Amino acid sequence: MTGPENSSQFFLIVTIAGILVLAVIVYLTIVLSSKEDTIKKMEEAHQRLMRSFNELDEQAKLIVRTDLELNKAQEELDKRLNGINALQRTSRQISQALNEGEIFQKLSPTLFEELGFALALVVTFDGSGMRKRINIGFAENSIPSLLSKLEKDDHLKSALKERHAFSSNNTSRKSKEKITAIFDIEHFILAPILTQNGTIGFVFVGNRYTAPAVTQGDEELIGILASQIGQSIENAVLFEQVFHSSQELELKVKERTKQLAQALEQVEEINQKKSEFISAVSHELRTPLTSIKGYAAILIAGKIGEIPDTVKERLAKINSHSDNLVSLINNLLDIARIESGRVEMKFALHPVKPMVDNVADLLTPQIKDKDIKLIVTVPDDIKEVYVDISQAERVFINLLSNAIKFTPKSGTITIAALPEINMGFVTFEVTDTGIGIPAEDLKKLFNEFYRVDNEINQNVKGTGLGLTLAKNIVEAHHGKIDVKSKVGVGTTFSFTLPLSAEIFANAKIVKTTI
Ligand code: ADP
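Rules and cut-offs
- Residues numbered from 1 in each chain as written.
- Predicted model: local features only at pLDDT ≥ 70, side-chain atom pairs only at ≥ 80, totals over all residues.
- Heavy atoms only, no water.
- Helix = DSSP H or I, 4+ residues; strand = E, 2+ residues; numbered from the N terminus.
- Rg over C-alpha atoms; globule rule 2.2 N^0.38 Å.
- Buried < 20%, exposed > 50% of the residue type's maximum accessible area, 1.4 Å probe, protein only.
- Contact = heavy atoms within 4.5 Å.
- Areas by Shrake-Rupley, 256 points an atom, 1.4 Å probe, with all protein chains shown as cover.
- Phe/Tyr/Trp six-rings, centres within 6.5 Å; stacked < 30°, edge-to-face > 60°.
- Axes fitted to C-alpha atoms, helices over the stretch in contact; angles between N-to-C directions.
- Parallel < 35°, antiparallel > 145°, perpendicular 65-115°, else oblique.
- Left-handed = near helix turned anticlockwise from the far one by under 90°.
- Nonpolar A, V, L, I, M, F, W, Y, C, P; charged D, E, K, R; others polar.
- Arc of directions from axis to C-beta.
- Pairing = 2+ DSSP bridges.
- Near = heavy atom within 4 Å.
- Polar contact = N/O pair within 3.5 Å; in protein donor to acceptor, adjacent residues only side chain to side chain.
- Core = buried A, V, L, I, M, F, W, Y, C linked by side-chain atoms within 4.5 Å.
- Salt bridge = Lys/Arg side-chain N within 4 Å of Asp/Glu carboxyl O.

Engineer: A description of the overall build of the protein chain should follow, citing residues and the corresponding values.
Structural biologist: Along the protein chain, the regular secondary structure elements total 15 helices and 12 strands. In terms of overall size, the protein chain is more extended than a compact globule, its C-alpha atoms giving a radius of gyration of 57 Å where 514 residues would be expected to give roughly 24 Å. Its C-alpha atoms put the protein chain at 225 × 85 × 40 Å along the principal axes. Per-residue burial over the protein chain gives 33% buried out of 514 residues. Within the protein chain, counting contacts between residues at least 6 apart in sequence, those at least 24 apart form 70% of the total. Per element, the accessible surface of the protein chain, about 31,700 Å² overall, is 58% carbon and sulfur.

Engineer: Explain the packing of aromatic side chains to me, and be specific about the residues and the numbers.
Structural biologist: Under the criterion given, the structure shown has 12 aromatic pairs. Between Phe347 and Phe504, the ring centres sit 4.5 Å apart and the planes meet at 35°, which makes this aromatic pair tilted. You can see Phe347 sitting in strand β6 (residues 347-351) and its partner Phe504 sitting in helix α15 (residues 501-506), a full 157 residues away along the chain. For Phe504, a relative accessible area of 15% gives the class buried. Between Phe446 and Phe493, the ring centres sit 6.3 Å apart and the planes meet at 90°, which makes this aromatic pair edge-to-face.

Engineer: A description of the packing of helix α7 (residues 216-300) against helix α8 (residues 309-339) should follow, citing residues and the corresponding values.
Structural biologist: Between α7 and α8, the shortest axis-to-axis distance is 8 Å and the interhelical angle comes to 155°. When the axis of α7 is compared with that of α8, the two are roughly antiparallel. For the pair α7 and α8, the sense of crossing is left-handed. Of the residues that constitute the contact of α7 with α8, the class distribution is 16 nonpolar, eight polar and seven charged.

Engineer: Quick rundown of helix α6 (residues 173-183)? Include the residues and the values.
Structural biologist: Of all the residues in α6, the buried ones are Ser175, Ile179, Thr180, Ile182 and Phe183. End-on, the buried residues of α6 take up no more than an arc of 165°, which puts them together on one face. Among the exposed residues of α6, those oriented more than 90 degrees off its buried face are Arg173, Lys174 and Ala181. Where α6 ends, the next residue or the one after it, Asp184, has phi of about 60°, a positive value.

Engineer: Help me get a handle on the environment of Asn472, residues and values and all.
Structural biologist: As for its placement among the helices and strands, Asn472 is situated in helix α14 (residues 466-476). With a relative accessible area of 6%, Asn472 lands in the buried category. For the pair Asn472 and Val395, spaced 77 residues apart in the sequence, the C-alpha separation amounts to 9.4 Å.

Engineer: I'd like a rundown of the pairing of strand β2 (residues 129-136), residues and numbers included.
Structural biologist: Bridge analysis of strand β1 (residues 119-126) against β2 gives seven bridges, and the strand direction is antiparallel. Counted as the bridge partner of Ala120 is Ile136 from β2. The loop that links β1 with its antiparallel partner β2 comprises two residues.

Engineer: Explain the site of the ligand to me, using residue names and the numbers behind them.
Structural biologist: For the ligand, the set of nearby residues contains 20 residues, the closest of which are Asn402, Asp432, Arg451, Asn457 and Leu467. Interatomic distance of 2.8 Å between a backbone N/O atom of Leu467 and an oxygen atom of the ligand. Across the complex, the protein chains shield 97% of the 530 Å² of accessible surface that the ligand would expose by itself. Elements supplying a minimum of two residues to the shell around the ligand: α11 (389-405), α14 and β12 (490-498). Considering every element that reaches the shell around the ligand, the biggest residue donor is α11, with three residues. Classifying every residue of the shell around the ligand gives nine nonpolar, eight polar and three charged.

Engineer: So, the nonpolar core: which residues are in play, and what are the values?
Structural biologist: Core analysis: the largest hydrophobic core is formed by 44 residues, its most contacted members being Val385, Phe396, Phe428, Leu445, Phe493 and Phe495. Take this core: its biggest share by element is seven residues, from α11. Ile94, Ala191, Ile200 and Ile222 belong to the second-largest nonpolar core, a separate cluster that totals 29 residues.

Engineer: Describe the sheet that holds strand β7 (residues 373-377), with residues and values.
Structural biologist: The strand order β7-β9-β10-β12-β11 describes an open sheet built from five strands, whose pairing is mixed. Of all strands in the sheet, those bounded by a partner on one side alone are β7 and β11 (481-486). On average, each strand axis in the sheet is inclined to that of its neighbour by 15°, with strand direction left out of account. Direction of pairing for β7 relative to strand β9 (residues 412-422): parallel, over a ladder of five bridges. What sits directly across from Lys373, in β9, is Thr412.

Engineer: Can you break down the pattern of salt bridges residue by residue, with the values?
Structural biologist: Under the criterion given, the structure shown has 11 salt bridges. Of the charged contacts, one joins Lys61 and Asp57 as a salt bridge, the two residues approaching to 3.5 Å between their closest N and O atoms. Remark: Asp57 and Lys61 occur in helix α1 (residues 3-96); sequence separation between them is four residues, near one turn of the helix. Taking the relative accessible area as the measure of exposure, Lys61 reaches 43% and is therefore partly exposed. Residue class for Asp57 comes out partly exposed when judged on its relative accessible area of 33%. Notably, a salt bridge pairs Lys293 with Asp323, separated by 2.6 Å at the nearest N-O pair. Separated by 30 residues along the polypeptide, Lys293 in helix α7 and Asp323 in helix α8 bring together distant segments of the chain. Classification of Lys293 as partly exposed rests on a relative accessible area of 26%. Overlapping salt bridges, with partners in common, bring together Asp334, Arg337 and Arg394 in one network.

Engineer: For the side chain of Asn319, give the residues involved together with the corresponding values.
Structural biologist: Structurally, Asn319 can be placed in helix α8. Each residue touching Asn319, except ones within four places of it in the same chain, is listed here: Lys293 and Ile300.

Engineer: I'd like a rundown of the sheet that holds β2, residues and numbers included.
Structural biologist: Across the sheet, five strands lie side by side as β2-β1-β5-β4-β3; this open sheet has antiparallel pairing. Sheet topology places β2 and β3 (166-167) at the edges, where each strand pairs with a single neighbour. Taken strand by strand, α7 contacts β1, β2, β3, β4 (187-195) and β5 (198-207), and its axis lies near 30° from that of β4.

Here it is in structure tokens:
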């Protein structure tokens, strides 16, 4: 090989080597720089991780803190729930209490414990001083001095006066210290017991130094308890008042009932005496009357000698007046006898239709005289009634003859047995289209001798005994008699008679009052 060849070869080799070295350098530079990048990225990632970790740590701490707070809140909630339950239970009990003593009995240490307080003092007072109190946890012998100190405390006094709760939570440090000194407690609530008349006491609760401070929730619960006590006391007072007045009323009613019973006894006694008197007098009158009538009859018949017509006329008047008197006396006697139960009633089952027809027949002449239309309706299914037939007929006769008497010519009279049976009694009605009876007279119509002051009564004689007799007879059958009337339109007398002996025996005896 030649020298220039060698040198070019050498040059080539050096160049190649140089290129190689350069290539290696470039490669290394590239590799190194990419590693640096990676390291940088890794550092950044590391920092991010650290940040995330720190954040996580913060969050974990927050979670732990929140958990603790939640637990505390849960505890607080449980406590409150317990308190509310205890309060609800007690509220129910005290609202049923009938007096203040009973209300205080229900305020147990458990209630205050469940409300979260170891100490309690509940006091009610009135103008003359303390009325009731309960003490839970305070030394009993310290209570009087505690109360007198309380009375002197301005904050407490104004809280009671202004009707708001007062607690270690919402008062100044100074006043708190004062209460703390009086009661030897750190936490307390005082709630006034209120009624419509103002403050009548207070509920004071507290805890010694280690207990947690009172919260607003505690204040609310004690406030509710105090107002519930106030309301229950108010209700109990009202109840006592109502109870007393009802007892007074009961006494008055008893007294009055006794007086009325005595009065009734007296009335019955007087009635009895009246009946006896009427009976006696009637008897005494009947005998001479019968002789008067007898002598008059003998004289009229001329058995003692002929007498002039003028004397005969007068004798006839004596006779007719005597008849009237005998009928009046007989009626009086019957009323007295039936009233006192001295008439022996001959009860038996009697067919209704013939009974009513018989009465109608009996009065047909008077009905015809006045051209009155008589309607008799007896439903087919009403067959018999359990009556003393002659007495029952007297009721019909009295009512029908009155109807005839007080109905003008060409009027209508209806005698009807109603189709409906009422408690085993048949109702009969005698209805007329007569002059009617004023409302104010209806009340007295069944009284003895009562007659309405009207034109007919002024001209036609009557005794005012017919309706009394009818009433007595109906009542002797355990039935009722009633009257409805309209002046100028007509009158309906209704009365009831029993269907059977059993109905008669079981029916309550009713006295007709209009
Ligand atoms: P008296 O018919 O003898 O007066 P009552 O006791 O039978 O006695 O009747 C009392 C009074 O009741 C009668 O005077 C009459 O005023 C009134 N009265 C009774 N029935 C009727 C009637 N159907 N219509 C109008 N008034 C009547």
